[in-house]
Amino acid sequence: MGATILGRLGVLLVTGIYLFVSPSFSSAAETGRLGAGVTLHAIAIDDPNGDVPNAGEAGIGLMYLDELSRDTRYYAEFSYLDAEISAESGKIGQDATRFGISTVVQMRLRQFRSFKPWLGLGIGLYQEEFTRRHTVDSAGFLTGAFPDRDVTQLVVTFDAMHEWALTKSIDLALRVKYDIGFNKGVDGLSASVILLY
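Residues numbered from 1 in each chain as written. Predicted model: local features only at pLDDT ≥ 70, side-chain atom pairs only at ≥ 80, totals over all residues. Heavy atoms only, no water.

Which residues make up the overall build of the chain, and what values do they have?
Check the secondary structure of the chain and you find one helix and nine strands. Listing each helix as α and each strand as β along the chain from the N terminus yields α-β-β-β-β-β-β-β-β-β. Counting the 197 residues in the chain, one finds 44% classified as buried. Long-range contacts, defined here as pairs at least 24 residues apart, represent 62% of the contacts in the chain between residues at least 6 apart. (Helix = DSSP H or I, 4+ residues; strand = E, 2+ residues; numbered from the N terminus. Buried < 20%, exposed > 50% of the residue type's maximum accessible area, 1.4 Å probe, protein only. Contact = heavy atoms within 4.5 Å.)

So what about the packing of aromatic side chains? Which residues, and what values?
Going through the model one piece at a time under the given rule, you end up with zero aromatic pairs. Seen from the ring of Trp-118, Arg-73 lies directly overhead, with NZ or CZ sitting 3.9 Å from the centre. Arg-98 extends its terminal NZ or CZ atom over the ring of Tyr-126, reaching a point 3.8 Å from the ring centre. (Phe/Tyr/Trp six-rings, centres within 6.5 Å; stacked < 30°, edge-to-face > 60°. Lys NZ or Arg CZ within 6 Å of the ring centre and 35° of its normal.)

Got a sec to walk through a nonpolar patch on the surface? Specific residues and values, please.
Taken together, the side chains of Leu-121, Phe-158, Val-176, Tyr-178, Ile-180 and Leu-189 make up a nonpolar region of the molecular surface, amounting to roughly 530 Å² of accessible area. Relative to the assigned elements, Val-176 resides in strand β8 (residues 171-181). The exposure class of Val-176 is partly exposed, given its relative accessible area of 45%. (Patch = residues over 30% accessible without salt bridge, like charges linked within 9 Å, V, L, I, M, F, W, Y side chains within 5 Å. Areas by Shrake-Rupley, 256 points an atom, 1.4 Å probe, with all protein chains shown as cover. Salt bridge = Lys/Arg side-chain N within 4 Å of Asp/Glu carboxyl O.)

Give me the nonpolar core: which residues, what numbers.
Ranked by size, the top nonpolar core spans 12 residues in total: Ile-43, Ile-45, Val-52, Ala-55, Leu-81, Ala-83, Ile-85, Ile-92, Ala-96, Phe-130, Val-151 and Val-186. Elements that contribute at least two residues to this core include exactly β1 (33-45) and β3 (72-85). Of the residues forming this core, the biggest block, three residues, is contributed by β3. Leu-65, Tyr-75, Met-161 and Ala-173 belong to the second largest nonpolar core, which has nine residues in total. (Core = buried A, V, L, I, M, F, W, Y, C linked by side-chain atoms within 4.5 Å.)

Here's what the structure looks like:
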């Protein structure tokens, strides 16, 4: 329990320091933008006790984005996800909670005149909790239960993003992202709608 609390506090501390300090050290601080968005996750959980049904769930995120050069930029994002995954015959159901920060460096492709997407590579650090882990039979009756799990997950992120101007100061961004984790936790594909201002 104490390790879990310390892990959460550590992630929140690193997140807070990074979000507040990084803009002041940016070489292009005047171009920095804030963003908020909703993400639809196609969740795949690597569970040490067996297979878990794939699930779709919405999460939220807050972002700080800034340019490094004309066609290179970075963003730091704090995100939160809370999912309830129903058990299926032979597969483990559970509740999954994930929060943490990721940092991605993106480069813009200028291959097309009106479509200039950003492609990115980054890393993330997340605290993940898995509770109510259980199995059921084909009739839906409980057949087994497993202890709760806490995981600190290091993730490599690949993404693609494109933006459209809504007003002079607000852009709408669509992002597709794939996370690959290095601990037994949440991986998978996600799609986000983000407002940048």
